[in-house]
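# Observations on the three-dimensional arrangement
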Amino acid sequence: MATDLQGKTIAFLCAPEGVEQVELTEPWKAVEQAGGQPRLVSTQSGRIHAFEHLDKADTFAVDTTVDVSRPQEFDALVLPGGVANPDFLRMHKNAVAFTKAFFDAGKPVAAICHAPWTLIEADVVRGRTLTSWPSLQTDLRNAGATWVDEEVQICEDGPNVLITSRKPDDLKAFCQAAVEVFKR
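So, here is what we can say about the structure in this document. (Residues numbered from 1 in each chain as written. Predicted model: local features only at pLDDT ≥ 70, side-chain atom pairs only at ≥ 80, totals over all residues. Heavy atoms only, no water.)

When you go through the protein chain residue by residue, the secondary structure sums to 6 helices and 12 strands. By the compact-globule yardstick of 16 Å for 184 residues, the protein chain fits well, its C-alpha radius of gyration being 14 Å. Along the first, second and third principal axes, the C-alpha atoms of the protein chain reach 35 × 35 × 30 Å. Contacts in the protein chain between residues at least 24 apart in sequence constitute 65% of all its contacts with a sequence separation of at least 6. Looking at the protein chain as shown, the accessible area adds up to about 8100 Å², and 46% of this sits on carbon and sulfur atoms. If the 18 positive side-chain charges of the protein chain are averaged to one point and the 26 negative ones to another, these points end up 4 Å apart. (Helix = DSSP H or I, 4+ residues; strand = E, 2+ residues; numbered from the N terminus. Rg over C-alpha atoms; globule rule 2.2 N^0.38 Å. Contact = heavy atoms within 4.5 Å. Areas by Shrake-Rupley, 256 points an atom, 1.4 Å probe, with all protein chains shown as cover. Lys, Arg positive; Asp, Glu negative; His and termini not counted. Charge placed at Lys NZ, Arg CZ, Asp CG, Glu CD.)

Take helix α1 (residues 21-33) next. For an α-helix, the turn length of 3.6 residues means that residues three or four places apart are oriented alike. With 13 residues, α1 should cover 18 Å at 1.5 Å per step; its first-to-last C-alpha distance of 18 Å lies within 8% of that length. Every buried residue of α1 is accounted for by Gln21, Glu23, Leu24, Thr25, Pro27, Trp28, Ala30 and Val31. Downstream of α1 by one or two residues, Gly35 has phi in the positive range, about 90°. (Expected span 1.5 Å × (residues − 1). Buried < 20%, exposed > 50% of the residue type's maximum accessible area, 1.4 Å probe, protein only.)

Going through the model one piece at a time under the given rule, you end up with 4 aromatic pairs. Geometrically, the ring pair formed by Phe74 and Phe102 is tilted, given 6.5 Å between the ring centres and 35° between the ring planes. Of the two residues, Phe74 is situated in the loop between β6 (64-65) and β7 (76-79) and Phe102 in helix α3 (residues 93-104); the sequence distance between them amounts to 28 residues. Taken individually, Phe74 and Phe102 each receive the classification buried, so the pair is uniform in this respect. Seen from their ring centres, Phe98 and Phe102 are 5.2 Å apart, and the 70° between their planes marks the pair as edge-to-face. Taken together, the positions of Phe98 and Phe102, both in helix α3 and 4 residues apart, correspond to about one turn of that helix. Using a relative accessible area of 3% as the deciding quantity, one classes Phe98 as buried. Through successive ring pairs, a cluster of aromatic residues spans Phe74, Phe98 and Phe102. Its guanidinium or amino end placed over the ring of Trp117, Arg90 lies 4.5 Å from that ring's centre, counting from NZ or CZ. (Phe/Tyr/Trp six-rings, centres within 6.5 Å; stacked < 30°, edge-to-face > 60°. Lys NZ or Arg CZ within 6 Å of the ring centre and 35° of its normal.)

A few words on helix α6 (residues 171-182). End to end, α6 covers 16 Å across 12 residues, agreeing with the expected 16 Å (1.5 Å per residue, within 8%). By the criterion of burial, α6 is predominantly enclosed, with 9 of the 12 residues buried. Taken together, the buried positions of α6 are Leu171, Ala173, Phe174, Cys175, Ala177, Ala178, Val179, Val181 and Phe182.

With that settled, the discussion passes to unusual backbone geometry. At Cys113, a position not held by glycine, the phi torsion is positive, near 65°. Looking at the element boundaries, Cys113 is found in the loop between β8 (109-112) and α4 (116-121). The backbone phi angle of Asp123 is positive, close to 60°, even though this residue is not glycine. Structurally, Asp123 is set in the loop between α4 and β9 (129-130). Classification of Asp123 by relative accessible area gives partly exposed; the value is 48%.

As a further point, take the sheet that holds strand β2 (residues 17-20). Pairing is mixed in the open sheet, where 3 strands are placed in the order β2-β4-β5. What marks the edges here is a single partner per strand, and that holds for β2 and β5 (55-61). The mean angle between the axes of side-by-side strands here comes to 45°, regardless of whether they run parallel or antiparallel. Pairing analysis gives 3 bridges linking β2 to strand β4 (residues 47-52), with the strands arranged parallel. Note that in β4 the partner of Glu17 across the bridge is His49. Strand contacts of α1: β2, β4 and β5, with the helix running at about 55° to β2, the strand carrying the most contacts. (Pairing = 2+ DSSP bridges. Axes fitted to C-alpha atoms, helices over the stretch in contact; angles between N-to-C directions.)

Any link to function would need more than the numbers given here.
See below:
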């Protein structure tokens, strides 16, 4: 597994505040351990502030912003959750466009917990099967998706492969599925 992602650069899109820390750090480690290069993309330069549920946690340096980066620079996209993180991203025009461009380019996307809110805003869930934090199921269904209550869901019924998971307890399966899909 140490070289599965050799030569691949994976974007991690996060808002300046509100990302669930473990949903950022665990997939990040999985990408690194597989030989890939994770890059933190945000809507602002500087640092983002992660959370552990509703409590402030660590900060992380931003590598680049959605205003200057293009999906062509990356092989895949990871959307970590946290309640505030995707809620902020779905209100940022360039973050939504950045996300949608991965679907348009046929590149894999992995989203966990509340992250599908950003996918709904990008209008990329119609006809897809996803899982998420349970409170998003009505939003996903209203946006044309099929929602399932599973640890990890890999959907290939669309222009790209979409990997989704429900919560931090699903991170092991989420990370394994993401690395497996990203190495293709």
